[in-house]
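Read off the chains here:
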Amino acid sequence: MSDTEDVYICDSATVEDGGKGVRFPVLAFGDDATGFVVRFGGKIYAYLNRCAHVPVELDWFKGEFFESSKLYLMCSTHGAIYLPESGACAGGPCRGGKLRPITVREADSRIYWQPDQHIRPPTAGLRDSQMG
């Protein structure tokens, strides 16, 4: 657990099961990046928006992380697929890879993420391309 306060992402109703995810800005390993939160099987999961195969963002369009069956998260660039509940690679060029999880919690109909030693809230001057 970190001594940093949880960071608000969005209202719970915004993230539908198997639907569009919500991107949020982070500072990952010292670089500007995005995280994302999705709902699968009624639970929320969040990951750094970075493919385990090659460090590119996963979403097809902003917030589109699930492939057509809504059973897997999929990298739009390489077709790597990941289990939503663990981030583990389930097929494609990411064999043995895993998405970097971000701790999330849901309380009072809101979703929050928990910073850690590698993924922190961004500094001022956020890029517009990270939002959405």
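As recorded by an unreviewed UniProt entry, the protein carries the name Rieske 2Fe-2S domain-containing protein and is attributed to Telluria mixta.

*Asks:* Report on the overall build of the protein, specifying residues and quantitative values.
*Replies:* Assigned secondary structure in the protein consists of 0 helices and 10 strands. From first element to last, N terminus to C terminus, the protein shows the α and β order β-β-β-β-β-β-β-β-β-β. Taking 2.2 N^0.38 as the reference for a compact globule, 132 residues should give roughly 14 Å; the C-alpha atoms of the protein span a radius of gyration of 14 Å, in line with that estimate. In terms of overall dimensions, the protein has C-alpha extents of about 35 × 30 × 30 Å along its principal axes. Looking at the protein as a whole, 42% of its 132 residues are labelled buried. When contacts within the protein are restricted to residue pairs at least 6 apart in sequence, long-range pairs at least 24 apart make up 51% of them. Entry remark: accessible area of the protein is about 6900 Å², with carbon and sulfur atoms responsible for 51%.

*Asks:* Let's hear about the side chain of N49: which residues, and what values?
*Replies:* By the secondary structure assignment, N49 is in the loop between β4 (43–48) and β5 (73–74). Of note is the side chain of N49, whose polar atom sits 2.8 Å from the backbone nitrogen of L58. A distance of 3.1 Å separates a polar atom in the side chain of N49 from a polar atom in the side chain of D59. If sequence neighbours within four positions are ignored, N49 has contacts with R23, T34, G35, F36, V56, E57, L58, D59 and F65.

*Asks:* Quick one: what's the story with the pairing of β4, residue by residue and with numbers?
*Replies:* With 5 of its 6 residues buried, β4 lies for the most part within the structure. Inspection of the sheet shows strand β3 (residues 31–40) paired to β4 by 6 bridges, in the antiparallel sense. Looking across to β4, one finds that V38 is bridged to Y45. Between the end of β3 and the start of β4, which pair antiparallel, lie 2 residues, with G41 showing a positive phi angle near 60°. Pairing between β4 and strand β8 (residues 101–107): 2 bridges, direction antiparallel. By the bridge assignment, A46 is partnered in β8 with I102.

*Asks:* Just give me the short version of the pairing of β8, but keep the residues and values in it.
*Replies:* Side-chain direction in a regular strand flips from residue to residue, so the side chains alternate between the two faces of the sheet. In the sheet, β8 pairs with strand β9 (residues 110–114) via 5 bridges, with the strands oriented antiparallel. Considered in β9, the bridge of T103 is made with Q114. Adjacent in sequence and paired antiparallel, β8 and β9 are bridged by 2 residues, among which D108 carries a positive phi angle near 50°.

Rules and cut-offs
Residues numbered from 1 in each chain as written. Predicted model: local features only at pLDDT ≥ 70, side-chain atom pairs only at ≥ 80, totals over all residues. Heavy atoms only, no water. Helix = DSSP H or I, 4+ residues; strand = E, 2+ residues; numbered from the N terminus. Rg over C-alpha atoms; globule rule 2.2 N^0.38 Å. Buried < 20%, exposed > 50% of the residue type's maximum accessible area, 1.4 Å probe, protein only. Contact = heavy atoms within 4.5 Å. Areas by Shrake-Rupley, 256 points an atom, 1.4 Å probe, with all protein chains shown as cover. Polar contact = N/O pair within 3.5 Å; in protein donor to acceptor, adjacent residues only side chain to side chain. Pairing = 2+ DSSP bridges.

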